[in-house]
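One-letter residues, chain by chain:
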Amino acid sequence: MAKRLFIKTFGCQMNVYDSARMADVLAPLGYGPTDRPDDADMVILNTCHIREKAAEKVFSDLGRLRKIKEARAAEGLPMVLAVAGCVAQAEGEEVLRRAPFVDIVLGPQTYHRLPEMVAQAARAGGAVLDTEFPTEPKFDFLPEARAEGTNAFLAIQEGCDRFCTFCVVPYTRGAEYSRPAAAVLAEAAALAAQGVREITVIGQNVNAWHGEPGWDLGTLLTALAKIDGIERLRYTTSHPRDMSDSLIAVHRDLPELMPFLHLPVQSGSNRILTAMNRGHDRDQYRRLADRLREARPDLALSSDFIVGFPGETDADFADTLALVAEIGFVQTYSFKYSPRPGTPAAAMEGQVPEPVKEARLAELQALLYRQTEAFNQACVGREMTVLLDRPGRYADQLLGRSPYMQPVHVRAPGQRIGDVVRLRIAAVHPNSLEAVPA
Ligand code: SAM
Ligand code: SF4
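Read on for a plain summary of the structure. (Residues numbered from 1 in each chain as written. Chains lettered and ligands numbered in written order. Predicted model: local features only at pLDDT ≥ 70, side-chain atom pairs only at ≥ 80, totals over all residues. Heavy atoms only, no water.)

## Points about the overall build of the chain
A count of helices and strands for the chain gives 12 helices and 19 strands. Taken over C-alpha atoms, the radius of gyration comes to 23 Å for the chain, in line with the 22 Å a tight globule of 438 residues would show. C-alpha extents for the chain along the principal axes are approximately 60 × 60 × 45 Å. Residues counted as buried form 53% of the 438 residues belonging to the chain. (Helix = DSSP H or I, 4+ residues; strand = E, 2+ residues; numbered from the N terminus. Rg over C-alpha atoms; globule rule 2.2 N^0.38 Å. Buried < 20%, exposed > 50% of the residue type's maximum accessible area, 1.4 Å probe, protein only.)

Here it is, written out as C-alpha coordinates:
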(Lines give C-alpha, C1' and ligand atoms only; values in the text may rest on other atoms or scores of the structure.)
(Ligands and ions follow the chains in the order given, each with its own letter.)
Protein backbone atom coordinates (compact mmCIF):
# COMPACT_ATOMS: atom_id res chain seq x y z
CA MET A 1 0.00 0.00 0.00
CA ALA A 2 1.18 3.55 -0.74
CA LYS A 3 2.64 5.45 2.18
CA ARG A 4 1.28 8.85 3.04
CA LEU A 5 3.32 12.01 3.45
CA PHE A 6 2.18 15.20 5.18
CA ILE A 7 4.36 18.31 4.78
CA LYS A 8 3.66 21.55 6.61
CA THR A 9 5.52 24.53 5.20
CA PHE A 10 6.36 27.66 7.17
CA GLY A 11 7.87 30.88 5.81
CA CYS A 12 9.10 31.93 2.41
CA GLN A 13 8.68 30.79 -1.19
CA MET A 14 12.01 28.97 -0.98
CA ASN A 15 10.47 26.71 1.63
CA VAL A 16 7.42 26.14 -0.60
CA TYR A 17 9.83 25.09 -3.35
CA ASP A 18 11.88 22.91 -0.99
CA SER A 19 8.74 21.15 0.29
CA ALA A 20 7.73 20.27 -3.26
CA ARG A 21 11.24 18.92 -3.94
CA MET A 22 11.20 16.85 -0.72
CA ALA A 23 7.94 15.28 -1.92
CA ASP A 24 9.65 14.52 -5.27
CA VAL A 25 12.62 12.91 -3.47
CA LEU A 26 10.33 10.70 -1.37
CA ALA A 27 7.94 9.69 -4.19
CA PRO A 28 10.18 6.80 -5.38
CA LEU A 29 9.98 5.35 -1.84
CA GLY A 30 6.20 5.09 -2.26
CA TYR A 31 5.19 8.25 -0.42
CA GLY A 32 2.18 10.15 -1.81
CA PRO A 33 0.60 13.30 -0.34
CA THR A 34 -2.07 13.50 2.35
CA ASP A 35 -3.51 16.67 3.86
CA ARG A 36 -4.02 15.19 7.35
CA PRO A 37 -1.16 14.47 9.76
CA ASP A 38 -3.31 11.83 11.50
CA ASP A 39 -3.18 9.71 8.33
CA ALA A 40 0.48 10.23 7.66
CA ASP A 41 3.22 7.60 7.71
CA MET A 42 5.67 10.46 7.53
CA VAL A 43 5.34 14.10 8.63
CA ILE A 44 7.79 16.85 7.69
CA LEU A 45 7.71 20.28 9.29
CA ASN A 46 9.60 22.55 6.90
CA THR A 47 10.44 25.37 9.27
CA CYS A 48 11.30 29.09 9.24
CA HIS A 49 13.72 30.85 11.57
CA ILE A 50 13.36 34.42 10.28
CA ARG A 51 11.41 35.70 13.30
CA GLU A 52 11.02 34.30 16.79
CA LYS A 53 7.30 33.68 16.38
CA ALA A 54 7.84 31.52 13.31
CA ALA A 55 10.41 29.40 15.16
CA GLU A 56 8.24 28.98 18.28
CA LYS A 57 5.27 27.75 16.21
CA VAL A 58 7.35 24.69 15.34
CA PHE A 59 7.63 23.62 18.96
CA SER A 60 3.88 23.97 19.56
CA ASP A 61 3.19 21.92 16.42
CA LEU A 62 5.62 19.27 17.64
CA GLY A 63 3.63 18.97 20.89
CA ARG A 64 0.48 18.17 18.87
CA LEU A 65 2.33 15.76 16.56
CA ARG A 66 3.71 13.85 19.52
CA LYS A 67 0.15 12.94 20.55
CA ILE A 68 -0.73 11.83 17.01
CA LYS A 69 2.46 9.77 16.78
CA GLU A 70 1.66 8.06 20.11
CA ALA A 71 -1.96 7.37 19.09
CA ARG A 72 -0.75 5.81 15.82
CA ALA A 73 1.90 3.75 17.64
CA ALA A 74 -0.85 2.37 19.94
CA GLU A 75 -2.58 1.06 16.79
CA GLY A 76 0.68 -0.35 15.45
CA LEU A 77 0.98 2.37 12.78
CA PRO A 78 4.28 4.09 12.02
CA MET A 79 4.93 7.81 11.80
CA VAL A 80 8.37 9.10 10.82
CA LEU A 81 8.64 12.65 12.11
CA ALA A 82 11.12 15.00 10.44
CA VAL A 83 11.98 18.63 11.15
CA ALA A 84 13.51 20.35 8.10
CA GLY A 85 14.37 23.91 7.10
CA CYS A 86 15.98 26.80 8.90
CA VAL A 87 14.95 26.04 12.52
CA ALA A 88 16.48 22.59 12.04
CA GLN A 89 19.64 24.19 10.69
CA ALA A 90 19.96 26.78 13.45
CA GLU A 91 18.66 24.78 16.41
CA GLY A 92 18.92 21.12 15.43
CA GLU A 93 20.31 19.94 18.80
CA GLU A 94 17.69 22.02 20.62
CA VAL A 95 14.90 20.39 18.59
CA LEU A 96 16.12 16.95 19.62
CA ARG A 97 16.48 18.02 23.26
CA ARG A 98 12.99 19.55 23.45
CA ALA A 99 11.34 16.96 21.20
CA PRO A 100 13.23 13.64 21.55
CA PHE A 101 10.41 11.84 19.69
CA VAL A 102 11.56 13.51 16.44
CA ASP A 103 13.21 10.95 14.10
CA ILE A 104 15.01 13.15 11.59
CA VAL A 105 16.42 16.67 11.74
CA LEU A 106 17.72 18.01 8.44
CA GLY A 107 18.88 21.39 7.17
CA PRO A 108 17.90 23.04 3.88
CA GLN A 109 21.05 21.80 2.11
CA THR A 110 20.70 18.05 2.73
CA TYR A 111 17.17 17.05 1.76
CA HIS A 112 18.41 15.16 -1.31
CA ARG A 113 19.67 12.63 1.27
CA LEU A 114 16.19 12.08 2.77
CA PRO A 115 15.82 8.48 1.50
CA GLU A 116 19.07 7.52 3.30
CA MET A 117 17.92 9.31 6.44
CA VAL A 118 14.57 7.50 6.44
CA ALA A 119 16.35 4.15 6.10
CA GLN A 120 18.86 5.09 8.77
CA ALA A 121 16.13 6.17 11.20
CA ALA A 122 14.34 2.85 10.69
CA ARG A 123 17.56 0.89 11.27
CA ALA A 124 18.99 2.84 14.15
CA GLY A 125 15.76 3.48 16.00
CA GLY A 126 17.33 6.77 17.17
CA ALA A 127 17.27 10.27 15.76
CA VAL A 128 19.20 11.20 12.61
CA LEU A 129 20.67 14.69 12.44
CA ASP A 130 22.03 16.07 9.15
CA THR A 131 22.60 19.82 9.12
CA GLU A 132 25.80 19.82 7.09
CA PHE A 133 26.59 22.21 4.27
CA PRO A 134 27.72 19.51 1.81
CA THR A 135 30.23 20.41 -0.87
CA GLU A 136 28.03 18.87 -3.58
CA PRO A 137 24.97 21.05 -4.30
CA LYS A 138 21.72 19.20 -3.56
CA PHE A 139 20.25 20.38 -6.89
CA ASP A 140 22.50 17.88 -8.72
CA PHE A 141 20.77 15.01 -6.91
CA LEU A 142 17.11 15.97 -7.13
CA PRO A 143 14.70 14.13 -9.43
CA GLU A 144 12.83 16.06 -12.14
CA ALA A 145 10.44 18.62 -10.67
CA ARG A 146 6.77 17.69 -10.84
CA ALA A 147 4.42 20.55 -11.63
CA GLU A 148 1.11 21.24 -9.96
CA GLY A 149 -1.02 23.61 -11.98
CA THR A 150 -0.08 26.50 -14.22
CA ASN A 151 2.31 28.40 -11.92
CA ALA A 152 5.60 27.21 -10.47
CA PHE A 153 8.50 28.41 -8.39
CA LEU A 154 11.97 27.55 -9.65
CA ALA A 155 14.94 28.02 -7.29
CA ILE A 156 17.92 29.44 -9.19
CA GLN A 157 19.96 30.84 -6.32
CA GLU A 158 20.25 30.10 -2.65
CA GLY A 159 21.97 31.52 0.41
CA CYS A 160 23.18 35.07 0.88
CA ASP A 161 26.46 36.92 1.34
CA ARG A 162 24.92 40.30 2.20
CA PHE A 163 24.73 39.92 5.99
CA CYS A 164 22.04 42.47 6.82
CA THR A 165 22.46 42.87 10.57
CA PHE A 166 18.94 41.64 11.44
CA CYS A 167 18.88 38.53 9.26
CA VAL A 168 19.56 34.83 9.94
CA VAL A 169 19.55 33.74 6.30
CA PRO A 170 23.34 33.87 5.73
CA TYR A 171 23.70 31.53 8.73
CA THR A 172 20.84 29.11 8.04
CA ARG A 173 21.05 28.92 4.24
CA GLY A 174 24.78 29.48 3.96
CA ALA A 175 26.90 31.21 1.35
CA GLU A 176 25.40 32.26 -1.90
CA TYR A 177 25.14 29.60 -4.59
CA SER A 178 23.85 30.04 -8.14
CA ARG A 179 22.60 27.10 -10.21
CA PRO A 180 24.08 26.78 -13.72
CA ALA A 181 21.88 28.14 -16.51
CA ALA A 182 21.57 24.73 -18.22
CA ALA A 183 20.06 23.17 -15.08
CA VAL A 184 17.62 26.06 -14.66
CA LEU A 185 16.55 25.96 -18.31
CA ALA A 186 16.09 22.18 -18.20
CA GLU A 187 13.91 22.42 -15.10
CA ALA A 188 11.84 25.20 -16.69
CA ALA A 189 11.37 23.18 -19.89
CA ALA A 190 10.20 20.19 -17.85
CA LEU A 191 7.72 22.37 -15.97
CA ALA A 192 6.43 23.93 -19.20
CA ALA A 193 5.94 20.46 -20.70
CA GLN A 194 3.73 19.65 -17.70
CA GLY A 195 1.48 22.68 -18.31
CA VAL A 196 3.23 25.45 -16.37
CA ARG A 197 2.69 28.85 -18.00
CA GLU A 198 4.17 31.17 -15.38
CA ILE A 199 7.49 30.69 -13.62
CA THR A 200 8.73 32.71 -10.66
CA VAL A 201 12.45 32.22 -10.30
CA ILE A 202 13.35 32.44 -6.65
CA GLY A 203 16.33 32.90 -4.39
CA GLN A 204 17.17 34.64 -1.13
CA ASN A 205 18.93 37.28 -3.19
CA VAL A 206 17.78 36.25 -6.63
CA ASN A 207 19.25 39.12 -8.63
CA ALA A 208 22.72 38.20 -7.38
CA TRP A 209 22.39 35.11 -9.62
CA HIS A 210 25.62 34.49 -11.53
CA GLY A 211 25.34 30.86 -12.61
CA GLU A 212 26.88 31.31 -16.06
CA PRO A 213 29.98 33.30 -17.06
CA GLY A 214 28.90 36.49 -18.84
CA TRP A 215 25.22 36.07 -17.87
CA ASP A 216 23.16 37.93 -15.30
CA LEU A 217 19.58 37.41 -14.19
CA GLY A 218 18.34 39.44 -17.16
CA THR A 219 20.10 37.08 -19.61
CA LEU A 220 18.63 34.09 -17.80
CA LEU A 221 15.09 35.55 -17.89
CA THR A 222 15.47 36.25 -21.61
CA ALA A 223 16.49 32.62 -22.21
CA LEU A 224 13.60 31.34 -20.05
CA ALA A 225 11.11 33.41 -22.06
CA LYS A 226 12.11 31.49 -25.20
CA ILE A 227 10.92 28.16 -23.77
CA ASP A 228 7.74 26.93 -25.47
CA GLY A 229 4.73 27.38 -23.23
CA ILE A 230 6.30 29.91 -20.83
CA GLU A 231 4.17 33.02 -21.08
CA ARG A 232 4.96 34.88 -17.88
CA LEU A 233 8.02 35.36 -15.71
CA ARG A 234 8.66 36.90 -12.31
CA TYR A 235 11.63 36.92 -9.93
CA THR A 236 11.84 37.28 -6.17
CA THR A 237 13.35 38.32 -3.79
CA SER A 238 15.77 40.88 -5.11
CA HIS A 239 18.13 43.25 -3.36
CA PRO A 240 18.30 46.92 -4.42
CA ARG A 241 22.12 46.73 -4.55
CA ASP A 242 22.04 43.97 -7.16
CA MET A 243 19.71 45.64 -9.70
CA SER A 244 22.11 45.86 -12.65
CA ASP A 245 21.56 48.17 -15.64
CA SER A 246 21.06 45.17 -17.89
CA LEU A 247 18.42 43.69 -15.57
CA ILE A 248 16.56 47.01 -15.57
CA ALA A 249 16.72 47.02 -19.38
CA VAL A 250 15.11 43.57 -19.46
CA HIS A 251 12.06 45.09 -17.73
CA ARG A 252 11.74 47.25 -20.87
CA ASP A 253 12.56 44.59 -23.44
CA LEU A 254 10.93 41.38 -22.24
CA PRO A 255 7.13 41.38 -22.43
CA GLU A 256 7.00 38.04 -20.58
CA LEU A 257 8.48 39.70 -17.49
CA MET A 258 5.53 40.91 -15.41
CA PRO A 259 5.49 44.62 -14.48
CA PHE A 260 5.48 43.90 -10.77
CA LEU A 261 8.61 43.80 -8.65
CA HIS A 262 9.14 42.92 -5.01
CA LEU A 263 12.14 45.03 -4.07
CA PRO A 264 12.48 45.22 -0.28
CA VAL A 265 13.70 48.52 1.18
CA GLN A 266 13.15 47.66 4.90
CA SER A 267 13.28 51.29 6.12
CA GLY A 268 13.08 54.84 4.80
CA SER A 269 15.66 56.20 7.24
CA ASN A 270 19.28 56.51 6.11
CA ARG A 271 20.50 56.07 9.68
CA ILE A 272 18.60 52.80 10.05
CA LEU A 273 19.55 51.57 6.57
CA THR A 274 23.20 52.01 7.55
CA ALA A 275 22.70 50.20 10.87
CA MET A 276 20.98 47.41 8.94
CA ASN A 277 24.01 47.15 6.61
CA ARG A 278 21.71 47.34 3.60
CA GLY A 279 24.36 48.99 1.44
CA HIS A 280 22.02 51.63 -0.04
CA ASP A 281 20.29 54.79 1.12
CA ARG A 282 16.81 56.15 0.46
CA ASP A 283 17.89 58.32 -2.47
CA GLN A 284 19.55 55.40 -4.20
CA TYR A 285 16.34 53.42 -3.75
CA ARG A 286 14.25 56.32 -5.12
CA ARG A 287 16.48 56.60 -8.19
CA LEU A 288 16.24 52.88 -8.75
CA ALA A 289 12.43 53.06 -8.61
CA ASP A 290 12.50 55.92 -11.15
CA ARG A 291 14.77 54.02 -13.52
CA LEU A 292 12.61 50.90 -13.31
CA ARG A 293 9.52 52.96 -14.11
CA GLU A 294 11.26 54.66 -17.00
CA ALA A 295 12.04 51.21 -18.37
CA ARG A 296 8.52 49.93 -17.73
CA PRO A 297 6.01 52.70 -17.05
CA ASP A 298 3.26 50.34 -15.81
CA LEU A 299 5.60 48.73 -13.25
CA ALA A 300 4.30 48.52 -9.67
CA LEU A 301 6.57 47.99 -6.67
CA SER A 302 6.13 45.95 -3.54
CA SER A 303 8.41 45.82 -0.50
CA ASP A 304 9.25 44.41 2.92
CA PHE A 305 9.55 46.66 5.98
CA ILE A 306 10.91 46.15 9.46
CA VAL A 307 9.67 48.52 12.17
CA GLY A 308 11.31 48.95 15.55
CA PHE A 309 14.85 48.09 14.44
CA PRO A 310 17.26 48.95 17.33
CA GLY A 311 17.71 52.70 17.61
CA GLU A 312 14.70 53.55 15.42
CA THR A 313 13.29 56.91 16.57
CA ASP A 314 9.96 58.55 15.76
CA ALA A 315 11.81 60.65 13.16
CA ASP A 316 13.29 57.52 11.52
CA PHE A 317 9.85 55.95 11.41
CA ALA A 318 8.39 59.14 9.90
CA ASP A 319 11.02 58.79 7.13
CA THR A 320 9.72 55.29 6.44
CA LEU A 321 6.11 56.51 6.18
CA ALA A 322 7.21 59.30 3.86
CA LEU A 323 9.11 56.92 1.57
CA VAL A 324 6.15 54.52 1.44
CA ALA A 325 3.88 57.34 0.28
CA GLU A 326 6.44 58.73 -2.15
CA ILE A 327 7.27 55.46 -3.88
CA GLY A 328 3.61 54.42 -3.82
CA PHE A 329 4.21 50.76 -2.95
CA VAL A 330 1.11 48.77 -3.93
CA GLN A 331 1.73 45.74 -1.78
CA THR A 332 3.97 45.07 1.18
CA TYR A 333 4.94 42.74 3.96
CA SER A 334 5.77 44.51 7.19
CA PHE A 335 7.12 43.09 10.41
CA LYS A 336 8.11 44.09 13.91
CA TYR A 337 11.84 43.68 14.35
CA SER A 338 12.55 40.33 16.01
CA PRO A 339 16.02 39.90 17.56
CA ARG A 340 17.59 36.71 16.23
CA PRO A 341 20.30 34.95 18.20
CA GLY A 342 23.76 35.37 16.69
CA THR A 343 22.90 38.33 14.44
CA PRO A 344 24.65 41.68 15.09
CA ALA A 345 21.42 43.66 15.58
CA ALA A 346 20.30 41.43 18.44
CA ALA A 347 23.21 42.78 20.51
CA MET A 348 22.71 46.44 19.53
CA GLU A 349 21.76 49.08 22.03
CA GLY A 350 18.43 50.87 21.78
CA GLN A 351 16.13 47.87 21.43
CA VAL A 352 12.67 49.32 20.87
CA PRO A 353 9.92 48.44 23.38
CA GLU A 354 7.20 46.09 22.12
CA PRO A 355 4.28 48.57 22.45
CA VAL A 356 6.17 51.11 20.32
CA LYS A 357 6.84 48.46 17.67
CA GLU A 358 3.16 47.51 17.70
CA ALA A 359 1.95 51.09 17.32
CA ARG A 360 4.37 51.74 14.45
CA LEU A 361 3.41 48.52 12.69
CA ALA A 362 -0.29 49.40 12.94
CA GLU A 363 0.33 52.87 11.52
CA LEU A 364 2.49 51.59 8.67
CA GLN A 365 0.03 48.83 7.80
CA ALA A 366 -2.88 51.29 7.76
CA LEU A 367 -1.00 53.44 5.24
CA LEU A 368 -0.01 50.44 3.15
CA TYR A 369 -3.58 49.15 3.18
CA ARG A 370 -4.86 52.50 1.87
CA GLN A 371 -2.27 52.43 -0.92
CA THR A 372 -3.19 48.87 -1.94
CA GLU A 373 -6.87 49.87 -1.97
CA ALA A 374 -6.17 52.96 -4.07
CA PHE A 375 -4.15 50.89 -6.54
CA ASN A 376 -6.94 48.30 -6.84
CA GLN A 377 -9.51 51.05 -7.45
CA ALA A 378 -7.26 52.62 -10.08
CA CYS A 379 -7.27 49.28 -11.92
CA VAL A 380 -11.03 49.55 -12.61
CA GLY A 381 -11.53 50.16 -16.33
CA ARG A 382 -7.98 49.04 -17.15
CA GLU A 383 -7.33 46.16 -19.50
CA MET A 384 -4.80 43.59 -18.40
CA THR A 385 -3.80 40.02 -19.08
CA VAL A 386 -4.81 37.35 -16.59
CA LEU A 387 -3.47 33.81 -16.38
CA LEU A 388 -6.49 31.64 -15.54
CA ASP A 389 -5.34 29.09 -12.99
CA ARG A 390 -8.35 27.72 -11.05
CA PRO A 391 -12.04 26.98 -11.40
CA GLY A 392 -14.34 29.55 -9.79
CA ARG A 393 -17.47 29.12 -7.69
CA TYR A 394 -19.80 29.00 -10.72
CA ALA A 395 -19.71 26.66 -13.70
CA ASP A 396 -18.60 29.33 -16.18
CA GLN A 397 -16.33 31.21 -13.75
CA LEU A 398 -12.55 31.00 -13.66
CA LEU A 399 -9.99 32.57 -11.32
CA GLY A 400 -6.56 33.85 -12.15
CA ARG A 401 -3.90 36.42 -11.35
CA SER A 402 -3.32 39.83 -12.86
CA PRO A 403 0.24 40.95 -13.73
CA TYR A 404 0.23 42.53 -10.24
CA MET A 405 -0.66 39.24 -8.50
CA GLN A 406 -4.20 40.44 -7.74
CA PRO A 407 -6.72 37.56 -7.70
CA VAL A 408 -9.19 38.11 -10.56
CA HIS A 409 -12.45 36.31 -11.28
CA VAL A 410 -14.25 36.29 -14.58
CA ARG A 411 -17.23 34.56 -16.17
CA ALA A 412 -15.68 33.44 -19.38
CA PRO A 413 -17.38 30.51 -21.07
CA GLY A 414 -15.03 28.89 -23.55
CA GLN A 415 -11.85 29.80 -21.68
CA ARG A 416 -9.73 27.17 -20.03
CA ILE A 417 -7.33 26.93 -17.13
CA GLY A 418 -3.87 27.76 -18.46
CA ASP A 419 -5.15 30.43 -20.89
CA VAL A 420 -3.72 33.92 -20.67
CA VAL A 421 -6.62 36.22 -21.55
CA ARG A 422 -7.06 39.95 -21.96
CA LEU A 423 -9.70 41.22 -19.53
CA ARG A 424 -11.11 44.54 -18.40
CA ILE A 425 -11.30 45.08 -14.65
CA ALA A 426 -14.92 45.91 -13.79
CA ALA A 427 -15.06 46.08 -9.98
CA VAL A 428 -13.05 45.71 -6.77
CA HIS A 429 -14.21 43.19 -4.15
CA PRO A 430 -12.69 42.80 -0.66
CA ASN A 431 -10.27 40.04 -1.71
CA SER A 432 -10.34 40.06 -5.48
CA LEU A 433 -11.02 41.97 -8.67
CA GLU A 434 -13.94 41.21 -10.96
CA ALA A 435 -13.26 41.28 -14.68
CA VAL A 436 -15.10 40.98 -17.98
CA PRO A 437 -13.68 39.94 -21.36
CA ALA A 438 -11.97 42.97 -22.93
N1 SAM B 1 16.54 38.79 0.82
C2 SAM B 1 15.41 39.59 1.03
C3 SAM B 1 15.84 41.07 1.19
O4 SAM B 1 17.00 41.37 1.19
O5 SAM B 1 15.01 41.90 1.35
C6 SAM B 1 14.60 39.18 2.22
C7 SAM B 1 14.64 37.83 2.79
S8 SAM B 1 13.88 37.60 4.35
C9 SAM B 1 13.59 35.88 4.20
C10 SAM B 1 12.24 38.23 4.20
C11 SAM B 1 11.92 39.41 5.05
O12 SAM B 1 11.88 39.07 6.43
C13 SAM B 1 12.95 40.52 5.02
O14 SAM B 1 12.82 41.31 3.88
C15 SAM B 1 12.67 41.28 6.27
O16 SAM B 1 11.72 42.30 6.06
C17 SAM B 1 12.08 40.21 7.18
N18 SAM B 1 13.01 39.91 8.29
C19 SAM B 1 14.21 39.32 8.21
N20 SAM B 1 14.78 39.25 9.44
C21 SAM B 1 13.91 39.83 10.30
C22 SAM B 1 13.93 40.08 11.70
N23 SAM B 1 14.97 39.74 12.45
N24 SAM B 1 12.85 40.69 12.27
C25 SAM B 1 11.79 41.04 11.50
N26 SAM B 1 11.72 40.83 10.18
C27 SAM B 1 12.76 40.23 9.57
FE1 SF4 C 1 18.78 38.46 4.72
FE2 SF4 C 1 17.98 39.45 2.37
FE3 SF4 C 1 19.80 40.77 3.81
FE4 SF4 C 1 20.46 38.45 2.64
S5 SF4 C 1 19.88 40.38 1.62
S6 SF4 C 1 20.97 39.06 4.71
S7 SF4 C 1 18.52 37.31 2.83
S8 SF4 C 1 17.63 40.36 4.34
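From this point on, the discussion continues.
## Some details on the sheet that holds strand β5 (residues 104–106)
The strands that make up a sheet pair up through hydrogen bonds in the backbone, lying either parallel or antiparallel. The sheet built from six strands is open, its strands ordered β2-β1-β3-β4-β5-β6 with parallel pairing. The sheet is open, and its two edges are formed by β2 (31–33) and β6 (128–130), each paired on a single side. Strand-to-strand, the axes of this sheet are offset by a mean angle of 20 degrees, without reference to chain direction. The sheet contacts of helix α2 (residues 52–74) involve β1 (3–9), β3 (42–47) and β4 (80–84), and relative to β3 the element is tilted by about 175 degrees. Along the sheet, helix α4 (residues 114–124) contacts β2, β3, β5 and β6; its crossing angle with β5, the most-contacted strand, is approximately 155 degrees. (Pairing = 2+ DSSP bridges. Axes fitted to C-alpha atoms, helices over the stretch in contact; angles between N-to-C directions. Contact = heavy atoms within 4.5 Å.)

## So, the site of ligand 1
The immediate surroundings of ligand 1 are formed by 16 residues, with Phe 166, Gln 204, Gln 266, Asp 304 and Ser 338 found nearest. Gln 266 is positioned such that a nitrogen or oxygen atom in its side chain is 2.7 Å from an oxygen atom of ligand 1. At 2.8 Å from a nitrogen atom of ligand 1 is found a main-chain nitrogen or oxygen belonging to Ser 338. Taking 560 Å² as the accessible area of ligand 1 by itself, protein coverage stands at 90%. (Near = heavy atom within 4 Å. Polar contact = N/O pair within 3.5 Å; in protein donor to acceptor, adjacent residues only side chain to side chain. Areas by Shrake-Rupley, 256 points an atom, 1.4 Å probe, with all protein chains shown as cover.)

## So, the sheet that holds strand β17 (residues 407–411)
Taken in spatial order, the five strands line up as β15-β16-β17-β19-β18 and close into a barrel, and their pairing is mixed. In this sheet, neighbouring strand axes are inclined to one another by 55 degrees on average, regardless of whether the strands run parallel or antiparallel. In this sheet, strand β19 (residues 433–437) lies alongside strand β18 (residues 420–428) in antiparallel orientation, the contact comprising five bridges. Counterpart to Ile 425 in the pairing with β19 is Ala 435.

## Notes on the site of ligand 2
Looking at ligand 2, the residues that line it are Cys 160, Arg 162, Phe 163, Cys 164, Phe 166, Cys 167, Val 169, Pro 170, His 239 and Arg 278. Looking at the shell around ligand 2 residue by residue, the classes come out as seven nonpolar, one polar and two charged. (Nonpolar A, V, L, I, M, F, W, Y, C, P; charged D, E, K, R; others polar.)

## Focus on helix α8 (residues 245–253)
When α8 is considered as a whole, its buried residues turn out to be Leu 247, Ile 248, Val 250 and His 251. When α8 is viewed along its axis, its buried side chains cluster within an angular range of 150 degrees and face the same direction. Residues of α8 that are exposed and point over 90 degrees away from its buried face: Asp 245 and Arg 252. Buried residues along α8 sit against α7 (217–225), β11 (232–236), β12 (260–262) and α10 (282–295). (Arc of directions from axis to C-beta.)

## Structural notes on helix α11 (residues 314–327)
Compared with the 20 Å implied by 1.5 Å per residue over 14 residues, the 20 Å span of α11 between its first and last C-alpha is a close match. Turning to α11, the residues buried within the fold contact α9 (270–275), α10, β13 (300–307) and α12 (354–378). One or two residues past the end of α11 sits Gly 328, with phi positive at roughly 70 degrees. (Expected span 1.5 Å × (residues − 1).)

## Digging into the layout of surface pockets
Approximately 280 Å³ is the volume found for the second largest pocket. Taken together, 13 residues make up the lining of the second largest pocket; nearest its centre are Arg 51, Lys 53, Lys 336, Ser 338 and Glu 354. Elements supplying a minimum of two residues to the lining of the second largest pocket: α2, β14 (331–336) and α12. Class assignment of the residues belonging to the lining of the second largest pocket gives a composition of five nonpolar, two polar and six charged. (1 Å grid on protein atoms, 1.4 Å probe; cavity = no way out; pocket = protein on both sides within 12 Å on 5 of 7 lines; lining within 4 Å. Points joined across faces, edges and corners; volume = space filled by probe spheres on them.)

## Observations concerning the pattern of salt bridges
Within the structure shown, the criterion is met by 36 salt bridges. Among the ionic pairs, Glu 70 bridges to Arg 66, the shortest N-O distance being 3.1 Å. With Glu 70 and Arg 66 both in helix α2, this residue pair falls four residues apart, about one helical turn. Take Glu 70: its relative accessible area is 46%, and that puts it in the partly exposed class. Overall, the relative accessible area of 40% leaves Arg 66 in the partly exposed class. Of the charged contacts, one joins Asp 314 and Arg 360 as a salt bridge, the two residues approaching to 2.8 Å between their closest N and O atoms. Taken as a pair, Asp 314 in helix α11 and Arg 360 in helix α12 lie far apart in primary sequence, 46 residues in all. For Asp 314, a relative accessible area of 58% puts it in the exposed group. One network of salt bridges, with partners in common, ties together Arg 21, Asp 24, Arg 146, Arg 179 and Glu 187. (Salt bridge = Lys/Arg side-chain N within 4 Å of Asp/Glu carboxyl O.)

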